[in-house]
Amino acid sequence: MGTYRQIRLVLWKNFTIRRRRWPRVIFEFIWPLFLFLILMWVRTRNLTSYYDACHNDPKYLGSTGFLPALQSYICRYNNTCYNQSKTTDEFNDETSFWNVIINLSESLSIILKDDEIFSNISELFSQVNSLISLTNVWNGSICANESMNDFNQTIPTVIITDLFANPISLSNLHQFWFMNKTQNSLSNLEVASEIYYVSRQRNFSYSYQTEIDIQQSFCINGEFNRTFSVNQIQINETINFLCYNLSAIDLKSFLISVQEQLDQIFLIDMTSIMESFVVGGSKIVNTTQTLRNRLEILNINFPFEEYYSNISLNTICGGRNDLSQYSNQNQSAKTTNKQTQNDQTRTTTDESLFGIDWNNLAIDLLSFDESEMCEQSYITGSGSTTQTITVSRSCRCILFDDVLYSNPILKQFLTIVRPILYGKIYYHPSNIHYDNIIKQINHTFESLDEFVRLFRQMRLIIQPTYNIFHIICNIFFDNSSFICEQLPKYKTSINFLTILTEFIACSELNRFIAMNTELDMIREGQDKSQTNNFLASIKFMNDITNNDSLPKHIQFKIRMTLDQVDNTFQTEDRYFSYAPRARAPSSTKYHTYAFIYLQNAIERAIIYLHTGKNVAYGVQTQQMPYPCWINDKFVNSINRMLPLIMVLSWIFTVSMNVKDIVCEKEKRLKEIMKIMGLQDSVHWFTWFILCTTIMILTAFILVLLLKVSL
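Under an unreviewed UniProt entry, the name given to the protein chain is ABC-2 type transporter transmembrane domain-containing protein, and the organism recorded is Rotaria sordida. Listed in UniProt under the heading Subcellular location (unreviewed entry), the comment for the protein chain reads: "Membrane".

Attention now goes to the nonpolar core. Side chains of nonpolar character tend, in soluble globular proteins, to be buried together. If you look at the biggest cluster of nonpolar residues, it comprises 58 residues, and the most contacted ones within it are L361, I437, F512, I538, F540 and M560. Examining the composition of this core, we find that nine residues originate from one element, helix 17 (residues 432-476), more than from any other. For F540, the residues in contact, after removing those within four places along its chain, are Y427, H428, P429, Y434, I437, I438, I554, Q555 and F556. Counting 42 residues, the second-largest nonpolar core is a separate cluster that includes L163, L242, L255 and L262.

Close contact between helix 8 (residues 211-219) and helix 11 (residues 248-297) brings their axes to 9 Å; oriented N to C, the two are set at 75 degrees. Judged by the angle between their axes, helix 8 and helix 11 are roughly perpendicular. Of helix 11, the residues touching helix 8 (which contributes E211, I212, I214, Q215, F218 and C219) are A248, I249, L251, K252 and L255. Per-class residue counts for the contact of helix 8 with helix 11 are eight nonpolar, one polar and two charged.

For the rest of this paragraph, the subject is the packing of aromatic side chains. For the structure on display, the rule yields 19 aromatic pairs. Relative to W31, the ring of F27 has its centre 6.3 Å away and its plane inclined at 15 degrees; by these criteria the two rings are stacked. Pair noted here: F27 and W31 are both in helix 2 (residues 22-43), with a separation of four residues, about one helical turn. Measuring from ring centre to ring centre gives 6.0 Å for F400 and F503, while their planes differ by 75 degrees; the resulting arrangement is edge-to-face.

On the surface, F125, L454, M458, L460, I461 and I462 cluster together into a nonpolar patch covering about 530 Å² of accessible area. Ranked by residues supplied to the nonpolar patch, first place goes to helix 17 with five residues. Mapped onto the secondary structure, M458 falls in helix 17.

End to end, helix 1 (residues 3-20) covers 26 Å across 18 residues, agreeing with the expected 26 Å (1.5 Å per residue, within 8%). If you check which residues of helix 1 are buried, you get Q6, I7, V10, L11, K13, N14, T16 and R18.

Here H428 and P429 are connected by a cis peptide whose omega angle stands at -5 degrees. In this structure, P429 sits in the loop between strand 9 (424-428) and helix 17. Look at the link from A584 to P585: it is a cis peptide, with omega at 0 degrees. The backbone phi angle of N79 is positive, close to 55 degrees, even though this residue is not glycine. Classification of N79 by relative accessible area gives buried; the value is 2%. Positive phi, normally seen in glycine, also occurs at R668, with a value near 65 degrees. One can find R668 in the loop between helix 22 (633-666) and helix 23 (669-675). Judged by relative accessible area, which is 57%, R668 ranks as exposed.

With that out of the way, let us pick up the pairing of strand 11 (residues 534-540). Extensive coverage of strand 11 is indicated by the burial of seven of its seven residues. Looking at chain direction, strand 9 and strand 11 are connected through five bridges and run parallel. Bridge pairing in strand 11 places H428 opposite K539. Direction of pairing for strand 11 relative to strand 12 (residues 556-559): antiparallel, over a ladder of four bridges. If you follow I538 over to strand 12, its bridge partner there is I558.

With that settled, consider the pattern of salt bridges. For the coordinates displayed, the defined rule picks out 20 salt bridges. Among the salt bridges present, the one from E223 reaches R226, with a minimum N-O distance of 3.0 Å. Of this pair, E223 and R226 both sit in helix 9 (residues 223-227), separated by three residues, roughly a single helical turn. With a closest N to O distance of 3.6 Å, K674 and D680 form a salt bridge. Taking relative accessible area as the criterion, K674 reaches 36% and is therefore assigned partly exposed. Through salt bridges that share partners, R18, R21, R24, E28 and D660 make up one connected network.

So, on to the state of the cysteines. Across all of its chains, the model carries four disulfides by this definition. A sulfur-sulfur separation of 1.9 Å characterises the disulfide bridge that pairs C54 with C81. With the S-S dihedral at roughly -65 degrees, the linkage between C54 and C81 falls on the left-handed side. Placement of C54 in the loop between strand 1 (48-51) and strand 2 (55-56) and of C81 in strand 4 (residues 81-82) is noted, with a sequence separation of 27 residues between them. By relative accessible area, C81 is classed as partly exposed at 23%. One disulfide in the model links C374 with C395; its S-S distance is 1.8 Å. Where C374 bonds to C395 through sulfur, the torsion about that S-S bond is close to 85 degrees, and the disulfide is right-handed.

The rules we used
- Residues numbered from 1 in each chain as written.
- Predicted model: local features only at pLDDT ≥ 70, side-chain atom pairs only at ≥ 80, totals over all residues.
- Heavy atoms only, no water.
- UniProt positions renumbered as here; feature names shortened; annotations may be inferred.
- Core = buried A, V, L, I, M, F, W, Y, C linked by side-chain atoms within 4.5 Å.
- Buried < 20%, exposed > 50% of the residue type's maximum accessible area, 1.4 Å probe, protein only.
- Helix = DSSP H or I, 4+ residues; strand = E, 2+ residues; numbered from the N terminus.
- Contact = heavy atoms within 4.5 Å.
- Axes fitted to C-alpha atoms, helices over the stretch in contact; angles between N-to-C directions.
- Parallel < 35°, antiparallel > 145°, perpendicular 65-115°, else oblique.
- Nonpolar A, V, L, I, M, F, W, Y, C, P; charged D, E, K, R; others polar.
- Phe/Tyr/Trp six-rings, centres within 6.5 Å; stacked < 30°, edge-to-face > 60°.
- Patch = residues over 30% accessible without salt bridge, like charges linked within 9 Å, V, L, I, M, F, W, Y side chains within 5 Å.
- Areas by Shrake-Rupley, 256 points an atom, 1.4 Å probe, with all protein chains shown as cover.
- Salt bridge = Lys/Arg side-chain N within 4 Å of Asp/Glu carboxyl O.
- Expected span 1.5 Å × (residues − 1).
- Pairing = 2+ DSSP bridges.
- Disulfide = S-S within 2.5 Å.

Rendered as C-alpha cells:
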C-alpha cells in the first residue's frame, strides 16, 4: 500500500473518531476561546493611561555647597516628574530660603556701614543686656511664714509648718496645671511680669483649672513636689492630709490662698526691680522705633518680615512641593488630568510639614544641654538573628530619632538616610597621597563642625534677646507695635536655625577610617552595615608609595551595600515597559544613598591636589527627559502572562491527543496497523497533521478576536 494511501486512511480514521466524539471537539475550540474572551473583557476595562513628558528637576551635589545640596536632597527626594522643563530654578527665586539669607546678609552689610544704625543697635543690645541681668534676680521661689489662721481650711499647725519651712515655688503656681492658660510653660521672668502686671489692673481675677484637674495634677502628677519642699520624713503625712483629708474644692481654695499671699509677698520684695524692668522695656521699645525709622529711610527691609509664620515646605523648599503627598494638608482628591496635576504640584502650599509641631521640637531640643548624654537601644537584624544594641548618644539626637520615628513616612525616610548621617567611610590603602585626598574631602565635615559652633553661638545671642522682647510684648505693650508684630515671624527663623543646627550636629563628622587591607575593609563594612553605621568604602587602585608622585590618572572604586546601588550585572529590565525611571528611591539609588555625592567629593579633592586650586563651579545632575508615553496596564501584564495563557489554551487539545495515542498503544491498535503495513513515520505524521489543523483553526479564531478587541 502506498504512503499517500496510508496517510489518507489514517487521517480518515482519526477524523472519524473525532466526529463521533463531537462534544470533546467543541470543547477543544471553546476552551481557548473562553480564555481569550476573558482577556477581551479585561481589555475593555480602560486600563490605558496617557502621560505627558517627564522632566526631573536638577539635583545639587556637595560641590555647590552643603546647604544647597541638603536642600536639594530633601526637596527633590521624591524625584517628581513635570510636563516641561523649568527655565528658572525655584531654589534661586526671590522667595527661596537661601535668597532670603543672601538678602539678609546684604541688609546687614548696609547696616554695619551706617554709624547711626550701628549706634542704635549698640544701645539696644546694651539695654537688652541690662534687662537680661534682671532675669536672674528671682529664681521663682518665695519664703513665707504663714499660720493656720491665714487659711479658711482647717489645717493642722504641723502641716502648715512643714509646708512653709522651705521656699515655695510661686512660679509653679502660675503654670497651666493650676491656672487656665494656653501656654504650656512660663519662665520665672514671665511669671514675675504677670504678677506685676495683674497688680496694676483693676478688677482682674485669675482663671483656674477645675477642682478635679488640680487635685489630679497636685496629688498624682507630681506638682506637690514641684511646689513645696517638704522634709522627707514628713512628706507622706503632708501629702496624705492635703490629698485625702481635704476635698478637691478645699484643696483648690487652699492653693489659691497660698498663691495670692505669695503674690503679695513677691510684690513687696520685687516691685522696685519690676519697675526697673518696665522702664528698661520702654527704653527698648523707643530705641527699636528709632531704629525702624532709620531703616525705612535707608529702604532696608528684613526678608523675614514677610516670611512664613511656621516651618513648612515653603520655608525649606522656597515654594517647591515635591513632598506634598506626605504632608497633612494635601489630602484632596486626585485629578485625572495629569497636566493639571503637575501644574498644581508647583503651586500648592501647605501650612505644616508631616503634622509635626517643629516650633515645639526646637524648644524641646534646647531643654537638653548640648553635652548631655542618654542611652538609646535599638534592634538590628531580622527573624531569629535580631540583636539589641545599647549606645550612649546626645539626648538631643535621641529626641530627633523619637520625633522622626513617630511619623511612618519620616521613619521610612530616616531608615534610608541613617547611613548617610552616621555611616563610616573606610579607605585603603593609606599613604601620604591618599591621606591628603581624604583630608581634603574631610574639610567639608570640618566646616560643618564650625557651622554648628557658629550657629550655636548666634543662638546664645539671639535667644535671650528674643525672650526679652517676647515678655515685653506679652505683658507690658500691645501687639500693635512694630517689634511685636514681627516677633512671631522671627521666632520661626530662630526655631528653624535651631533644628538645622542640631540636625547637623547629630550627624557623624569623623567619617573616614583607614584600613590595613581591602579584606579588613570589606569585613568591617559588612559588620557595620548590620547597624546602618556603614556608608561606603573607597579602594584606590593605583599602587603607589609615599616616595612616588601622585599619578595624573587616579583610579578608585566605591563599594556600598548591595541594596544601595544598582546591580551592574543586568543593565536592562527583564520585561520592557514604557515608563520613566522616576520612582524614589529604587530608581535614584546613586543620589538617594549618596554614591554620587561621595564620587563628586573625591574627584574635586583630586583636582585640588593636582592644581592647588578649588574648583570655582558647583555640579548639578539631571536625568534625561522622557517623552510623552502611554501606560498600558493590559499590555504590561499580558507580555508576562501570554506564554502561560497560550499553554493553557492548547493544553486540553494536547492532553487529549496524548490520551488517544496512549489508548491506541494500550489496545494494541498500533501493532495491528503495523501488521497491515502501516509505516511508523506515517503514523506520527498523521497525528501531527491532526493536532496542527485543530490548533491552526483555533489560532485563526483567536487572532480575529484579538484584532476586533484592539
